[in-house]
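For reference, the chains in residue letters:
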Amino acid sequence: MSDVLQNSSSSSIVTSVAVSYEVKAQVDRFMADYAAAIDNDRLELWPDFFIDDCIYKVIARSDYDKGRPVGFMYCDNRRMLLDRVASIRSVNVFHPHHYRHVLGPTRILGERAGALLAETSFIVARTSVADGTTMIFSAGRYVDAIAFPNATAKLESRIVVTDSDSIDMLLVLPI
Amino acid sequence: MSDVLQNSSSSSIVTSVAVSYEVKAQVDRFMADYAAAIDNDRLELWPDFFIDDCIYKVIARSDYDKGRPVGFMYCDNRRMLLDRVASIRSVNVFHPHHYRHVLGPTRILGERAGALLAETSFIVARTSVADGTTMIFSAGRYVDAIAFPNATAKLESRIVVTDSDSIDMLLVLPI
Amino acid sequence: MSDVLQNSSSSSIVTSVAVSYEVKAQVDRFMADYAAAIDNDRLELWPDFFIDDCIYKVIARSDYDKGRPVGFMYCDNRRMLLDRVASIRSVNVFHPHHYRHVLGPTRILGERAGALLAETSFIVARTSVADGTTMIFSAGRYVDAIAFPNATAKLESRIVVTDSDSIDMLLVLPI
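Overview of the structure. (Residues numbered from 1 in each chain as written. Chains lettered and ligands numbered in written order. Predicted model: local features only at pLDDT ≥ 70, side-chain atom pairs only at ≥ 80, totals over all residues. Heavy atoms only, no water.)

## Topic: the interface of chain C and chain A
The criterion, for reference: Any pair of residues with heavy atoms lying within 4.5 Å of one another is described as a contacting pair. Computed with a 1.4 Å rolling probe, the buried area is the accessible surface lost when two parts are put together, summed over both parts. A side-chain nitrogen of Lys or Arg and a carboxyl oxygen of Asp or Glu constitute a salt bridge if their distance falls within 4 Å. The secondary structure listing takes helices from DSSP runs of H or I that are at least 4 residues long and strands from runs of E that are at least 2 residues long, numbered from the N terminus.
Taken together, the 24 residues of chain C in the interface contact 28 residues of chain A. Buried area between chain C and chain A, both sides added, is near 2,100 Å², and the carbon and sulfur share of it is 55%. The largest contributions to the chain C side of the interface with chain A come from Tyr21(C), Arg29(C) and Arg100(C), which together make up 28% of the buried area. A salt bridge links Arg100(C) to Asp163(A); the shortest N-O distance between them is 2.9 Å. Put simply, the parts of the chain that give the side of chain C that touches chain A at least two residues each are helix H2 (21-39), strand S3 (97-112), strand S4 (115-128) and strand S5 (134-147) of chain C.

Here's what the structure looks like:
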């Protein structure tokens, strides 16, 4: 799945496609709910945004553009996402930072086997609990394949392409 | 009103609801117009976005999550908003900063007595007039109850929940 | 064209107008595709977002508000945009920064001779390839006149109004 997406070279797609209001609204709500689950510290819900046989990958743009498989994080099924949440919850009693995703408009680029291919730019602001300062933690884009099992939107694949080659923490929370 | 909202614990609501295009578009325009009134230095229009018997509150996330009533600012009627604008205009002949709100998508979470309950993430960038530098002034979310008197959107209640516990200025402009 | 826009004093327009879903969706896709062309390093496509006889201008807010004609950049036809892209490509073999536009909702403010007048707030985050840090490069708003030749959205005029009086580089990439 990730190879197909990678090879389809989404960055060569420049014109997004028109969809009905119902589809657009469903996708927009899905994207916003995903971000809110993380930002509102409802991490346990994060894996529910994915199908069981999913891809979740965080990769630097420079690696993504060159087709390199490496990344900051790679999960190829939903169980790994659940494990990750459990790990975060067991290690971090107290969150030292708050995240805030602000998403740009989602560009729907096409369809593949019933899944919508979409890209969404994001900026994640991170606020330190200790000193209250806010800075940009990450800017980049989601490269997604969104399926609709039982008429519910779920991520088949989310590749988080970060503009930066270095993420300055252990990626405690997902992006 | 604010107690009801606080107790309904909006952060426990994870799935936004579908609404018609007409309602969604009206809410989206309202949110964007609110931000533009502040960013474009049309502060006198700011109170018009609220009903007379409104709540406007700015509170840190850590206080909001614990149900504490304190905040950086608290107004419980539109007259207080008008007073605030008059005060800003009388004190500040020259604005030392420009604000720029960038809003994420609005999540409509439900309805209560004819008002829509909604949340919207924001990042406010602040540019210094003196040196031209831009930084993040505040990141957080709006927790809103939006009424529709005479078919016009108005805020019954806007709780500005800031991710930071400290706001580094005297909150001269509203968020 | 730019004078008309300047004189119509868009900042005095406070209430955006309702449009059909088809129009709103077309404009939203257009805005997002424009940003993606720049952010995804597909600069050659940037001039295609404009009509031949276009205006593209980058100007500080303080100058724009006072009706001053000066700006950081001024192009009054599409050929100048093509020249600019050619110049960027010839000078910069390697991009030292990545851009990431995050756009707020587009406010449609009216119509003039078949073109929609619209404003959109933006934050452009810039990530250094050298050290991976991300900061806000520019915050501001687009003041646009969008035409629809052959049912395709194109910019008649885009005035990029930056909140900062100083842009700290030679504006290598367009905003």
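## Thoughts on helix H2 (residues 21-39) of chain A
All names here are of chain A. As a reminder of what qualifies: What a helix is expected to span follows from its residue count: subtract one and scale by 1.5 Å. Three exposure classes are used, based on accessible area relative to the maximum for each residue type with a 1.4 Å probe and protein chains only: buried under 20%, partly exposed in between, and exposed over 50%.
Given a rise of 1.5 Å per residue, 19 residues ought to cover 27 Å, and the 26 Å separating the end C-alpha atoms of H2 matches this to within 8%. Within H2, 14 of the 19 residues are buried, leaving the element largely enclosed by the surrounding structure. Note on H2: the residue one or two positions beyond its end, Asp41, has a positive phi of about 60°.

## Concerning the sheet that holds S3(C)
All names here are of chain C. Inclusion rule: What makes two strands pair is DSSP finding at least two bridges between them. Angular values range over 0 to 180 degrees, each being the angle between N-to-C directions of two axes fitted as lines to C-alpha atoms, with helices fitted over their stretch in contact.
The six strands lie next to each other as S2-S1-S6-S5-S4-S3, forming an open sheet whose pairing is mixed. Edge strands, defined here as strands with exactly one partner in the open sheet, are strand S2 (73-75) and S3. For this sheet the average axis-to-axis angle between neighbouring strands, irrespective of direction, equals 20°. Together, strand S1 (50-60), S3, S4, S5 and strand S6 (154-162) form the strand contacts of H2, whose direction differs from that of S3 by roughly 155°.

## Section: the environment of Ile51(A)
Residue and element names in this part refer to chain A. The topology assignment puts Ile51 in strand S1 (residues 50-60). For Ile51, a relative accessible area of 21% corresponds to the partly exposed category. Note: C-alpha distance between Ile51 and Ala153 (102 residues apart in sequence) is 9.2 Å.

## Some words on the interface of chain B and chain A
Contact with chain B, which involves 28 residues of that partner, is made by 24 residues of chain A. Counting the surface lost from both chain B and chain A, the interface buries some 2,100 Å², and carbon and sulfur atoms represent 55% of this. Considering only the surface of chain B that becomes buried against chain A, Arg61(B), Ile136(B) and Asp163(B) emerge as the three largest contributors, covering 25% of it. At the boundary of chain B and chain A, one finds two salt bridges.

## Things to note about the relation of the copies chain B and chain A
The criterion, for reference: A least-squares fit on C-alpha atoms brings the copies together, and the residues used are those whose pLDDT is at least 70 in both copies.
Each copy superposes on the other: chain B lies on chain A with an RMSD of 0.0 Å after a rotation of 120° and an axial shift of 0.0 Å. Overall, the copies show the geometry of a three-fold rotation axis. Of the residues that chain B buries at the interface, just 18% are likewise interface residues in chain A, meaning the two copies contact each other through different surfaces.

## Details of the packing of aromatic side chains
Using the following cut-off: What counts as a ring pair is set by centres within 6.5 Å for rings of Phe, Tyr and Trp (its six-membered ring), and what kind of pair is set by the plane angle: stacked under 30 degrees, edge-to-face over 60, tilted for all other angles. Definition used: whenever NZ (Lys) or CZ (Arg) falls within 6 Å of the ring centre and also within 35 degrees of the ring normal, the charge is taken to sit over that ring.
Tallying each qualifying case throughout the model produces 30 aromatic pairs over all chains. Residues Tyr34(C) and Phe49(C) carry aromatic rings whose centres are separated by 5.6 Å and whose planes lie at 70° to one another, so their mutual orientation is edge-to-face. Remark: Phe49(C) occurs in the loop between H2 and S1 and Tyr34(C) occurs in helix H2; sequence separation between them is 15 residues. Summarising the burial analysis for this pair, Tyr34(C) and Phe49(C) share the class buried. On the numbers, 5.1 Å between centres and 45° between planes, the contact of Tyr99(C) with Phe137(C) is tilted. Taken together, the residues span a long stretch of sequence, with Tyr99(C) in strand S3 and Phe137(C) in strand S5 at a distance of 38 residues. Overall, Tyr99(C) belongs to the buried group, its relative accessible area being 2%. Take Phe137(C): its relative accessible area is 8%, and that puts it in the buried class. Pairwise contacts between aromatic rings join Phe30(A), Tyr34(A), Trp46(A), Phe49(A), Phe50(A), Tyr56(A), Phe122(A) and Tyr142(A) into one cluster. One residue, Arg158(A), lies across the ring of Tyr142(A), its end atom 3.5 Å from the ring centre. Positioned above the aromatic ring of Tyr34(B), the side-chain terminus of Arg158(B) is 4.1 Å from the ring centre.

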